[in-house]
Amino acid sequence: MQMRTLGRTGPAVSALGLGGLGMSGAYGTSDRAESIATVHAALESGVTLIDTGDFYAMGHNESLLAEALRGRDRDSYALSVKFGMLRGPGSEFGGHDCRPEAVKNFLAYSLTRLGTDHIDIYRPARLDPAVPIEETVGAIKEMIDAGYVRHIGLSEVDAATIRRAHAVHPIADLQIEYSLISRAVEADVLPTLRELGIGLTAYGILARGLISGHWTAGHTAGPGDSRGFNPRFSSGNVEHNLVLVEALRRVAEAKGHTVAQLAIAWVAAQGEDIVPLVGARTRERLAEALPAMEVNLTADELAEIEKAVPLGAARGDRYPSAFMSYLGVGN
């Protein structure tokens, strides 16, 4: 497994990270034993970056990861944790809380659920409009000074917010959705990250499975699957988007790769400062994703991929309308 460093001040991590969201019911039912086996397989393959959020099924994902990581050398992996997103008992969204006192409270619970004495990268899941980012970052800095956190990250914020946060304490990385069909980061945010020496961890690299090559026309999201509310999977949009996937499939098959491998390789090829996160929840999907890091795309091949999936070609927002306002950049 190749390694990449997150920005000028962040940790060295595997060039491909593992995201835990799908293991905690976001896309329908998941199997706990298979999820744990997938984490083990990822670690054994050289993956060192594990990403989660304290609100992923209200702590379920952190507890699952604690079980999967038990007994492992703590220095052999890096934990990236998001906080601040509020949920209700029926899983309803309740806004954000990134006040300094809330930062410390969320951190205490995460440390306990994860069974660790520190978190490698701690980040607010979204910008809290009621709390200046300087106050949130300042509180995390205090936790760094106390030894509970190693690095500060951000998630889904704009270039101006990145600059303000970085002025308080060096930011290791920004976590943001980035894929062939979600490229808003390229306009202002990515140049800002590179100017300041901040890394990028890209989630949604397969657009929640839409551009994985496994989602087909007529397929519907099952009970508990958040894709049932995602505009890009809605009737009228999904058919258009799957035409793009088929164009990508033709390019992938001509080169001996799967659609998912080509889509992951494209993200990884956008810069050595970018670490894609794959949301595999089974060993089968992980095994498909891993070879993508060995795919070296030439300039001609990148141009061919761009032709198959042009910038801005996808239909539908990447989140339901109620959530779009919390994003620092659009689609």
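Here the structure is shown first, and the text comes after it.
Residues numbered from 1 in each chain as written. Predicted model: local features only at pLDDT ≥ 70, side-chain atom pairs only at ≥ 80, totals over all residues. Heavy atoms only, no water.

K.L.:
With reference to specific residues and values, describe the overall build of the chain.
P.N.:
Counting secondary structure elements, the chain contains 11 helices and 12 strands. The globule rule puts the C-alpha radius of gyration for 331 residues at 20 Å, and the 19 Å found for the chain is close to it. Projected onto its principal axes, the C-alpha positions of the chain cover 55 × 40 × 40 Å. In the chain, which comprises 331 residues, the share counted as buried stands at 57%. Taking the intrachain contacts of the chain between residues at least 6 apart in sequence as the baseline, contacts between residues at least 24 apart amount to 75%. Surface accessibility of the chain: about 13,300 Å² in total, with carbon and sulfur atoms responsible for 53%. When the 31 positive and 40 negative side-chain charges of the chain are each reduced to one mean point, those points stand 2 Å apart. (Helix = DSSP H or I, 4+ residues; strand = E, 2+ residues; numbered from the N terminus. Rg over C-alpha atoms; globule rule 2.2 N^0.38 Å. Buried < 20%, exposed > 50% of the residue type's maximum accessible area, 1.4 Å probe, protein only. Contact = heavy atoms within 4.5 Å. Areas by Shrake-Rupley, 256 points an atom, 1.4 Å probe, with all protein chains shown as cover. Lys, Arg positive; Asp, Glu negative; His and termini not counted. Charge placed at Lys NZ, Arg CZ, Asp CG, Glu CD.)

K.L.:
Describe empty space enclosed by the protein, naming the residues involved and giving the relevant values.
P.N.:
Evaluation of the coordinates by the stated rule reveals 1 cavity of 30 Å³ or more. Within this model, the largest cavity holds a volume of roughly 40 Å³. Around the largest cavity, the lining residues are L180, I181, I211, N241, L244, V245, L248 and V309. Residues of the lining of the largest cavity, tallied by class, amount to 7 nonpolar, 1 polar and no charged. (1 Å grid on protein atoms, 1.4 Å probe; cavity = no way out; pocket = protein on both sides within 12 Å on 5 of 7 lines; lining within 4 Å. Points joined across faces, edges and corners; volume = space filled by probe spheres on them. Nonpolar A, V, L, I, M, F, W, Y, C, P; charged D, E, K, R; others polar.)

K.L.:
Please set out the sheet that holds strand β12 (residues 274-278) residue by residue, giving values where relevant.
P.N.:
Around the barrel, which closes on itself, the 8 strands sit in the order β3-β4-β5-β8-β9-β10-β11-β12 with parallel pairing between neighbours. Taking each pair of neighbouring strands and ignoring which way they run, the sheet shows an average axis angle of 30 degrees. Direction of pairing for strand β10 (residues 171-177) relative to strand β11 (residues 199-203): parallel, over a ladder of 5 bridges. Bridging across to β11, E177 finds its partner in Y203. (Pairing = 2+ DSSP bridges. Axes fitted to C-alpha atoms, helices over the stretch in contact; angles between N-to-C directions.)

K.L.:
A description of unusual backbone geometry should follow, citing residues and the corresponding values.
P.N.:
A negative phi holds for most residues other than glycine; trans holds for most peptide bonds. Of note in this structure, M58 is not a glycine but carries a positive phi near 50 degrees. Relative to the elements of secondary structure, M58 occurs in the loop between β4 (49-53) and α2 (60-69). M58 gets classed as partly exposed once you look at its relative accessible area, which sits at 43%.

K.L.:
Describe in detail the pattern of salt bridges, supporting the description with residues and values.
P.N.:
Under the criterion given, the structure shown has 25 salt bridges. Between R4 and E272 there is a salt bridge; the shortest N-O distance is 3.5 Å. Placement of the pair is R4 in strand β1 (residues 3-5) and E272 in the loop between α8 (259-268) and β12, with a sequence separation of 268 residues. Look at E272 and you get exposed, because its relative accessible area is 58%. A salt bridge links K255 to E301, with the shortest nitrogen-to-oxygen separation between them at 3.7 Å. One end of the pair, K255, is in the loop between α7 (237-254) and α8; the other, E301, is in helix α10 (residues 299-308), with 46 residues separating them in the sequence. By relative accessible area, which is 27% here, K255 ends up partly exposed. (Salt bridge = Lys/Arg side-chain N within 4 Å of Asp/Glu carboxyl O.)

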